[in-house]
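# Close look at the chain arrangement
For reference, the chains in residue letters:
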Protein chains: 2
Amino acid sequence: MSSPESAGSGVPGTYVQRTTKHASEAHEDEGKLIVVMVGLPARGKSYIVKKLRRYLNWLGFATKVFNVGNRRRTMTTESFGHNAHEPNHNSKFFDPDNTQARALRDQLAMDSLEELIRWLRFGQGHVAIHDATNSTRARRRLLLDRCQKEPNCSLLFVESICDDDRVVRHNIQMKLMSPDYQHMEPADARRDFLARLQNYERAYQTLGSWEERHDVQYCKIINVGKKVIAYNIQGYLAGQCVFYLMNMNLARRQIWISRHGESTDNLTGCIGGDAPLSAKGQVYAAALATFINEQRVRFEASLSSAFPSPDRTHSPDGTPQGDSGSPKHALDRVNESLLRHANSPSRSTLELPNLSRSSSQLQRHPPAPKFVVWTSMLRRAIGTVDAFDPLAYDIKHIRALNEIYAGSCEGMTYQEIQETFPREYADRQANKLYYRYPGMGGESYADVIQRLHPLIVELERTTHSALIVTHNAMSRTLLSYMLDIPTQEMTRLEVPLHTVYCIEPKPFGNECRKYAFDFESNQFYPVD
Amino acid sequence: MSSPESAGSGVPGTYVQRTTKHASEAHEDEGKLIVVMVGLPARGKSYIVKKLRRYLNWLGFATKVFNVGNRRRTMTTESFGHNAHEPNHNSKFFDPDNTQARALRDQLAMDSLEELIRWLRFGQGHVAIHDATNSTRARRRLLLDRCQKEPNCSLLFVESICDDDRVVRHNIQMKLMSPDYQHMEPADARRDFLARLQNYERAYQTLGSWEERHDVQYCKIINVGKKVIAYNIQGYLAGQCVFYLMNMNLARRQIWISRHGESTDNLTGCIGGDAPLSAKGQVYAAALATFINEQRVRFEASLSSAFPSPDRTHSPDGTPQGDSGSPKHALDRVNESLLRHANSPSRSTLELPNLSRSSSQLQRHPPAPKFVVWTSMLRRAIGTVDAFDPLAYDIKHIRALNEIYAGSCEGMTYQEIQETFPREYADRQANKLYYRYPGMGGESYADVIQRLHPLIVELERTTHSALIVTHNAMSRTLLSYMLDIPTQEMTRLEVPLHTVYCIEPKPFGNECRKYAFDFESNQFYPVD
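Residues numbered from 1 in each chain as written. Chains lettered and ligands numbered in written order. Predicted model: local features only at pLDDT ≥ 70, side-chain atom pairs only at ≥ 80, totals over all residues. Heavy atoms only, no water.

### Some words on the overall build of chain A
If you tally the helices and strands in chain A, you get 18 helices and 15 strands. Going through the 528 residues of chain A one by one, you find that 58% of them count as buried. Counted over contacts in chain A with a minimum sequence separation of 6, partners at least 24 positions apart contribute 71%. For chain A, the accessible area works out to roughly 21400 Å², and carbon and sulfur atoms hold 51% of it. (Helix = DSSP H or I, 4+ residues; strand = E, 2+ residues; numbered from the N terminus. Buried < 20%, exposed > 50% of the residue type's maximum accessible area, 1.4 Å probe, protein only. Contact = heavy atoms within 4.5 Å. Areas by Shrake-Rupley, 256 points an atom, 1.4 Å probe, with all protein chains shown as cover.)

### Re the domain arrangement of chain A
Residue and element names in this part refer to chain A. What the domain assignment lists for chain A is domain 1 (31–245) and domain 2 (251–527). Listed as interface residues are 20 residues of domain 1 and, on the opposing side, 25 residues of domain 2. Across the domain 1/domain 2 interface, buried area totals approximately 2100 Å², and carbon plus sulfur atoms make up 58% of it. A per-residue breakdown of the area domain 1 buries against domain 2 is headed by Arg54, Trp58 and Arg166, which together make up 39% of the total. Inspection of the domain 1/domain 2 interface yields 2 salt bridges. Where Arg53 meets Asp484, a salt bridge forms, and the shortest distance between an N and an O atom there is 3.3 Å. (Domains from an automatic or database assignment. Buried area = accessible area lost by both parts, 1.4 Å probe. Salt bridge = Lys/Arg side-chain N within 4 Å of Asp/Glu carboxyl O.)

### Structural notes on the sheet that holds strand E6 (residues 153–161) of chain B
Strands sit in the order E4(A)-E5(A)-E3(A)-E6(A)-E7(A)-E8(A)-E8(B)-E7(B)-E6(B)-E3(B)-E5(B)-E4(B) across an open sheet of 12 strands; the sheet is mixed. On the outer flanks of this sheet lie strand E4 (63–67) of chain A together with strand E4 (63–67) of chain B, each paired with one strand and no other. Pairs of neighbouring strands in the sheet enclose a mean axial angle of 15°, with direction left out of account. Here E4 of chain B runs beside strand E5 (residues 127–131) of chain B; their pairing, made up of 5 bridges, is parallel. In the sheet register, Thr63 of chain B faces E5 of chain B, and the bridge partner there is Val127 of chain B. Where helix H1 (residues 45–59) of chain A meets the sheet, it contacts strand E3 (32–38), E4, strand E5 (127–131), strand E6 (153–161) and strand E7 (217–222) of chain A, and its direction lies at approximately 170° from that of E5 of chain A. (Pairing = 2+ DSSP bridges. Axes fitted to C-alpha atoms, helices over the stretch in contact; angles between N-to-C directions.)

### Here's the deal with the UniProt feature "binding site: substrate" (unreviewed entry) in chain A
Residues and elements named next belong to chain A. Under the UniProt annotation, "binding site: substrate" (unreviewed entry) lies at Arg380. Among the secondary structure elements, Arg380 is positioned in helix H13 (residues 379–384). Dropping the residues within four chain positions of it, Arg380 is found in contact with His260, Gly261, Ser263, Gly272, Gly273, Asp274, Ala275, Leu277, Glu403 and His471. Of note is the side chain of Arg380, whose polar atom sits 3.4 Å from the side chain of His260. (UniProt positions renumbered as here; feature names shortened; annotations may be inferred. Polar contact = N/O pair within 3.5 Å; in protein donor to acceptor, adjacent residues only side chain to side chain.)

### Some words on unusual backbone geometry
At Ala42 of chain A, a residue that is not glycine, the phi angle is positive and equals roughly 70°. Tracing the chain through its elements places Ala42 of chain A in the loop between E3 and H1. Take Ala42 of chain A: its relative accessible area is 5%, and that puts it in the buried class. Positive phi values are uncommon outside glycine, yet Asn232 of chain B reaches one of about 60°. Among the secondary structure elements, Asn232 of chain B is positioned in the loop between strand E8 (227–231) and helix H8 (236–246). Residue class for Asn232 of chain B comes out buried when judged on its relative accessible area of 2%.

### What to know about the state of the cysteines
Residues and elements named next belong to chain B. Applying the stated criterion to the full structure yields 0 disulfides over all chains. Its sulfur unpaired, Cys162 is 15 Å from the next cysteine sulfur, which belongs to Cys219. You can call Cys162 buried: its relative accessible area is 7%. Cys502 supplies the cysteine sulfur nearest to Cys512, a cysteine that is in no disulfide, at a spacing of 7.5 Å. (Disulfide = S-S within 2.5 Å.)

### Quick look at the confidence of the model for chain A
Residue and element names in this part refer to chain A. When pLDDT is averaged along chain A, the result is 84; 82% of the residues meet or exceed 70. Every residue in residues 314–328 is under pLDDT 50, and counting partners more than four places away or in other chains gives 44 contacts. Reported confidences for the modelled complex are a pTM of 0.87 and an ipTM of 0.85. (pLDDT = per-residue confidence, 0-100.)

### Let's talk about the packing of helix H5 (residues 165–175) of chain B against helix H6 (residues 186–203) of chain B
Residues and elements named next belong to chain B. Put simply, H5 and H6 touch, their axes get as near as 10 Å, and they point 120° apart. In terms of orientation, H5 lies oblique with respect to H6. Here H5 and H6 pass one another in a crossing that is right-handed. Counted together, Ile172, Gln173 and Lys175 of H5 and Arg190, Phe193, Leu194 and Leu197 of H6 form the full contact between these two elements. Residues of the contact of H5 with H6, tallied by class, amount to 4 nonpolar, 1 polar and 2 charged. (Parallel < 35°, antiparallel > 145°, perpendicular 65-115°, else oblique. Left-handed = near helix turned anticlockwise from the far one by under 90°. Nonpolar A, V, L, I, M, F, W, Y, C, P; charged D, E, K, R; others polar.)

### With respect to the packing of H1 of chain A against helix H17 (residues 472–483) of chain A
All names here are of chain A. Relative to each other, H1 and H17 sit at 150°, their axes nearing to 8 Å. For the element pair H1 / H17, the angle class is roughly antiparallel. Taken together, the residues of H17 that come into contact with H1 (itself represented by Arg54, Tyr55 and Trp58) are Thr477, Ser480, Tyr481 and Met482.

### Regarding the environment of Phe122 of chain B
Residue and element names in this part refer to chain B. Mapping Phe122 onto the fold places it in helix H3 (residues 99–122). The class for Phe122 is exposed, based on a relative accessible area of 62%. A C-alpha to C-alpha distance of 31 Å links Phe122 and Glu443, two positions 321 residues apart in sequence.

### Remarks on helix H5 (residues 165–175) of chain A
All names here are of chain A. Turning to H5, its buried residues number three or more, namely Val167, Val168, Asn171 and Ile172. Down the axis of H5, the smallest arc covering the buried residues is 135°, so these residues share one side. The outward face of H5, more than 90 degrees from its buried face, is lined by the exposed residues Asp165 and Arg169. The inward-facing, buried residues of H5 abut helix H6 (186–203). For H5, the N-terminal cap is Asp164; the gap from its side-chain oxygen to the backbone nitrogen of Arg166 is 3.0 Å. (Arc of directions from axis to C-beta.)

### Description of helix H3 (residues 99–122) of chain A
Taking 1.5 Å as the rise per residue, H3 of chain A with 24 residues should run 34 Å; its terminal C-alpha atoms sit 34 Å apart, in good agreement. All buried positions along H3 of chain A are accounted for by Ala101, Leu104, Arg105, Leu108, Ala109, Met110, Ser112, Leu113, Leu116, Ile117 and Leu120 of chain A. (Expected span 1.5 Å × (residues − 1).)

### Examining the pattern of salt bridges
Side-chain pairs of opposite charge can arise whenever the charged atoms involved come near each other. What the rule picks out here adds up to 54 salt bridges over all chains. Taken together, the shared-partner salt bridges in this structure form one network comprising Glu114, Arg121, Arg146 and Glu150 of chain A.

### Side note on the side chain of Thr133 of chain B
Residues and elements named next belong to chain B. Tracing the chain through its elements places Thr133 in the loop between E5 and helix H4 (137–148). What makes Thr133 buried here is its relative accessible area of 13%. Once residues lying within four places of it in the same chain are set aside, the contact partners of Thr133 are Met37, Val38, Gly39, Leu40, Pro41, Lys45 and Tyr200.

### Some remarks on the pairing of E5 of chain A
Residue and element names in this part refer to chain A. Most of E5 sits inside the fold, with 5 of its 5 residues counted as buried. By the alternation rule, side chains of E5 split into Val127, Ile129 and Asp131 and Ala128 and His130, which are all buried. Bridge count between E3 and E5: 4 bridges; the pairing is parallel. The residue of E5 that forms the bridge with Ile34 is Ala128.

### Brief notes about the packing of aromatic side chains
Enumeration according to the criterion identifies 38 aromatic pairs over all chains in this entry. Consider the rings of Tyr218 of chain A and Tyr231 of chain A, whose centres lie 5.4 Å apart with planes at 25°: the pair is stacked. Residue Tyr218 of chain A is found in strand E7, and its partner Tyr231 of chain A is found in strand E8 (residues 227–231); the two are separated by 13 residues along the sequence. Taking relative accessible area as the criterion, Tyr231 of chain A reaches 6% and is therefore assigned buried. Where Phe243 of chain A meets Phe243 of chain B, the ring centres are 4.0 Å apart and the plane angle is 25°; that geometry is what we call stacked. Pair noted here: Phe243 of chain A is in helix H8 (residues 236–246) and Phe243 of chain B is in helix H8, and the two residues belong to different chains. For the residue pair Phe243 of chain A and Phe243 of chain B, the accessibility class agrees, reading buried in each case. Three or more aromatic residues link up through ring pairs in this structure, and these residues are Trp256, Tyr284, Phe291, Tyr515, Phe517, Phe519 and Phe524 of chain A. Lying across the ring of Tyr481 of chain B, Arg54 of chain B places its NZ or CZ 4.6 Å from the centre. (Phe/Tyr/Trp six-rings, centres within 6.5 Å; stacked < 30°, edge-to-face > 60°. Lys NZ or Arg CZ within 6 Å of the ring centre and 35° of its normal.)

Right under this line is the structure:
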């Protein structure tokens, strides 16, 4: 048992691998994974790649992206040889009949693969992602042949297909802001990019029978997970990737995260336990319900005033999908609830949109999106959502959101821990991620990640807006996932009480705003 | 918070739903799921249906199968009307051009659907499975139209496709033992069943564009999960079903389950804690390694002597798949380890196969299958696998296998609990499944199921044999999944110390054998 504890690299959850002196003979974990992306430009490959990298790193698998386009862009024109008269981003460079350019593009892809393999072989890396179009069988054969020579590595092709014109058009618009086009007129850039796209489309071969004949594992993601085809998926890691990608969606929504209001234990500095809210905590709880009600109405109004969104979900026809909309008129209820609170002292600093739509008007609209409220099962978190209307919000108290369990240190202050268990205290400071509190049931941050894992997948799956009310370590862990914060930094993240984070998933990553509650003015203020 | 605690019906893990007095207006959980099977006869539908039912029931979703063939068989010939001259299992009954029979078959399918809907509507049911071929679009339209009229129910089509001739032939062989053919000559039965199959094949329409146009969620399972196509999967439950089916395989293997050897706490009757093995427990540990070594060699020999198995995994070509075989010559190591133990007092009662193959002979064989040993992180479980060779076995100590955490009752005897917390003791006796031990971190059996959930999926995914050494409540929970024991009974299951269960997955369910260790003879004996 000389090896350090691992989080999820081979079996779910944290574990210790028993090894021997003959380390070289010992059981390797199931090996490293090379994810090779496939797909036309502007089909959401980068979106998938970024999400996957963030997810896997958070789970404890060191994951890095190797982007071939970036490598191409760092090459000088000279490296294209004497006959190169065109810059290497011009559409002619992507002409499949341009043999010289094709050889160069293959070379760039293989150079990236070598760099990627070096990183896996000599570093701490678990998963490496080869981010390029890789849109022909000839190219994929090159990559496959090379990967098969690498011991203890498996290959997973991930293809992104999108036939939703609105999404593709939007992606193309984004592409025109790429460094390739920064010195070009917009109209010229568009013309050139569309020509590049046509060149790719001429030669494009989707994943299928060839890969199946070679028994290569692959996964096709069609319209952001609306349809998924998985072939020959082997290994824990590949299975997790496929399941994760199957659960993503592009719904416009907000995910709010807050610690519980101040508890009576916060006053004395004791950790753990199940104390109720302090008087101050109760004020926060009342203000939070009003604030979230207002924000919800504002956001839902912005959704319905926008032209029918192509990305409310992964539906290609833009109609709202899934389990939203129950119960009906949730928005009405929020409005009523706001009216009830209208004379209450707590008001947000933000103006409200016009809420005068009648109930009959609402009925002609699609039902208001559902809004879920998830808290831990501890009193201070349950109390923090006491003022939320259970008819307008789907409120669940979930065990997986309970605070990190401090084992024998429950109920102590940090100073008491330092005095009573100086060695434990020092160990924890040295490696907070893997340090596990002593005593039966004591947890580490790595344990907490595993405990939150199914909830994170559920959060990716659902299309609802959400408020999550939880605890210090749990908020750190959730925010680390949401905001792509390395897990080692996550354990020191400052997440103050009486502050609520608003995360909005966007095509290029999650946006975060932060609001702090001011007890004097009884208002939430945006903070940086 | 008047509703009882739930396990996993809507979000992962156990939670409490906050409701109000207006129960009818309250948020329903995401609703009920109707799984409609699709596929030709002898394509493994029943296998999938049984596994899915077992898995979902174990997770806490009450699941029932409604088999249309059984309904047909309970009909008398008279119910077929005056013109019926043929019994209703004759292949002519399945002729798509036989309009009258087709109407009758549709009627049977719809009657089953009505029965199923009644069960979902008026009972505690979460998931109902419509088990029939449902192989035409016309039939599926009937089913879809009816399901769409049912509020708060979603529909998931699950199609099983198998083009591996060996598997289909094997399935046909099984079909000939069905009640339909019990009074027929084998040759006639085969002829008739093949004619029935041809009738189905003539009219068969696979899931695809029609379902996509109607935006129905579906999942196609090709060759027992080798390839999976998932379309428009909505909802937590449907996602869990698809992920589970994606991870199954037909590899021949053995899964061994044992509690740890006797601990010093077992001597005093204290629950929980982290005590080491007693002297007796150490004897069990030594004997267990020898016994499993022998059983492993025996089983692996039976695998390699059998003709290349069509079902070693879900690979249609019968070649071994996946991450088996590392490190090489594991079988050699097991043999060496057996030789070292040859003079030890612990010998199994079972004879060993001839182990005289030389290392060079082994090298010409495919590498020996990997064998994983999973224990909890507690001393008594780790100690129980101390004699296993970490070069021949992949040994992991996994936190998710730790014993149910008894909170404030840790370290007490049951009698002490009864005296100290009489109310808790009574509550626990009244509902052991949902009773959660008091104090921070205390768990219920329902919590334990959630904790084991990812490990169960991993056990389904992997093709390796396994030994799991864990604890009383954990063994009950694992065996309940493996052997399809209702979760309410599971909490009272008798799992003695010093007894090892051997589970072998078979096409019609898991087989279980049980071996008890006898300290006097130092041997394991099969017990009933």
